[in-house]
Amino acid sequence: MHTCNSSKTPRVIGLTGGIGSGKSTVCKLLAQHGFPIIDADEIARQMVAPGSPGLQSLIRLFGKQYLQKDGHLNRTKLRDCIFNDPQQKDRLESLLHPLIRQQILKEIQFYREKVTEQACPKWVFVAIPLLVESIHDGQKPDYLDEIWVVDCSEEDQIRRASTRDGQSPQQIKKIMNQQASRKQRLQWADRVIHNHGDLKNLQDQISTLLENA
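Residues numbered from 1 in each chain as written. Predicted model: local features only at pLDDT ≥ 70, side-chain atom pairs only at ≥ 80, totals over all residues. Heavy atoms only, no water.

A. Main features of empty space enclosed by the protein. The full count for this structure, using the stated rule, is one cavity of 30 Å³ or more. In this structure, the largest cavity spans a volume of roughly 50 Å³. The wall of the largest cavity is formed by Gly18, Ser21, Val150, Asp151, Cys152, Gln157, Arg182 and Arg185. Secondary-structure elements contributing two or more residues to the lining of the largest cavity are β6 (146–151) and α8 (182–187). In terms of residue class, the lining of the largest cavity is built from two nonpolar, three polar and three charged. (1 Å grid on protein atoms, 1.4 Å probe; cavity = no way out; pocket = protein on both sides within 12 Å on 5 of 7 lines; lining within 4 Å. Points joined across faces, edges and corners; volume = space filled by probe spheres on them. Helix = DSSP H or I, 4+ residues; strand = E, 2+ residues; numbered from the N terminus. Nonpolar A, V, L, I, M, F, W, Y, C, P; charged D, E, K, R; others polar.)

Given below as structure tokens:
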């Protein structure tokens, strides 16, 4: 665990990258180094858990057809709804993004309060897959100190994501077309993690980055 003294607070790092770039692997490696990981995707799932206020608001907005008999959100149906309809996508984001942001801030504060303890982390990482896509005013979220981008070639993205998700390369390419481009993400990067090699290469790169950052 990298620690900080009581005169410093943890720096908050937004970690992002496109589908298949290796964000989850990077998060696991950072966690192995003892750094806290706040997962925006996991928070989003919690916000629409069965019986949650977030799910109730979503069903009021989109309709009961998106609720399964067991009380869970029909994610596939909702994904199909918003995938090709920017207006519906905006409606969903307007509902969920404030809830997700509120929870992220709550979790950041939890680690900042550790500043009075011996084991205060030097960094807190917030994994946000669509971080760049959510920037509309030319400013990164005010709770982030830096943005770190996990980068790889589009060919690697397609190969990894299609193997992992059991989808065709064409389906993965369609998802990528809905996301920010590599160039757009890299324009926001304070630091870049190049995921072009094997796991050992990635481990060494992260270790070096953490030592020198």
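B. Structural detail: the confidence of the model for the protein. In the predicted model, the protein carries a mean pLDDT of 91, and 94% of its residues have values of at least 70. For the stretch residues 1–7, pLDDT sits under 50, and the model shows 18 contacts to residues farther than four places along the chain or on other chains. (pLDDT = per-residue confidence, 0-100. Contact = heavy atoms within 4.5 Å.)

C. Structural detail: the sheet that holds strand β7 (residues 191–194). Strand order in the open sheet formed by five strands is β3-β5-β2-β6-β7, and the pairing between neighbours is parallel. Strands at the two margins of the open sheet, each flanked by one partner only, are β3 (37–39) and β7. Within the sheet, the average angular offset between the axes of one strand and its neighbour, ignoring direction, is 25°. Pairing of strand β2 (residues 11–16) with strand β5 (residues 123–127), which is carried by five bridges, proceeds in the parallel orientation. Directly across from valine 12, in β5, lies its bridge partner valine 124. (Pairing = 2+ DSSP bridges. Axes fitted to C-alpha atoms, helices over the stretch in contact; angles between N-to-C directions.)

D. Spotlight on the packing of aromatic side chains. The tally for this structure, following the rule as stated, stands at seven aromatic pairs. Ring plane angle 75° and centroid distance 5.8 Å describe the contact between phenylalanine 35 and phenylalanine 125, whose orientation is recorded as edge-to-face. A residue pair is termed long-range when its members are at least 10 positions apart, and phenylalanine 35 in the loop between α1 (23–32) and β3 and phenylalanine 125 in strand β5 qualify at 90 residues. Across this residue pair, the class does not change: phenylalanine 35 and phenylalanine 125 are buried. (Phe/Tyr/Trp six-rings, centres within 6.5 Å; stacked < 30°, edge-to-face > 60°. Buried < 20%, exposed > 50% of the residue type's maximum accessible area, 1.4 Å probe, protein only.)

E. Representation of helix α9 (residues 199–212) in the model. With 14 residues, α9 extends 20 Å between its outermost C-alpha atoms, agreeing within 8% with the 20 Å of an ideal straight helix rising 1.5 Å per residue. If you check which residues of α9 are buried, you get Leu202, Ile206, Leu209 and Leu210. For α9, the angular spread of buried residues about the axis comes to 95°, placing them on one side. Across from the buried face of α9, at angles greater than 90 degrees, the exposed residues are Lys200, Glu211 and Asn212. If you follow the buried residues of α9, they end up packed against α1, β5, β6 and β7. (Expected span 1.5 Å × (residues − 1). Arc of directions from axis to C-beta.)

F. Spatial organisation of the pairing of β2. Counting buried residues in β2 gives five out of six residues, a clear majority hidden from the surface. Relative to β6, β2 is paired through four bridges, and the arrangement is parallel. Bridge assignment links leucine 15 to a residue of β6, and that residue is tryptophan 148.

G. Examining the packing of helix α3 (residues 53–62) against helix α5 (residues 86–112) more closely. At a minimum axis separation of 11 Å, α3 and α5 run at an interaxial angle of 160°. As the angle between them shows, α3 and α5 are arranged roughly antiparallel. As α3 runs across α5, the sense of the crossing is right-handed. Of the residues in α5, those touching α3 at Gly54, Ser57, Leu58, Leu61 and Phe62 are Gln88, Arg91, Leu92, Leu95 and Leu99. When its residues are assigned to classes, the contact of α3 with α5 shows six nonpolar, three polar and one charged. (Parallel < 35°, antiparallel > 145°, perpendicular 65-115°, else oblique. Left-handed = near helix turned anticlockwise from the far one by under 90°.)

H. Representation of the environment of leucine 199 in the model. Positionally, leucine 199 belongs in helix α9. Leucine 199 gets classed as partly exposed once you look at its relative accessible area, which sits at 47%. For the pair leucine 199 and threonine 25, spaced 174 residues apart in sequence, the C-alpha to C-alpha distance is 8.7 Å. In contact with leucine 199, other than residues within four places in its own chain, are Thr25 and Leu29.

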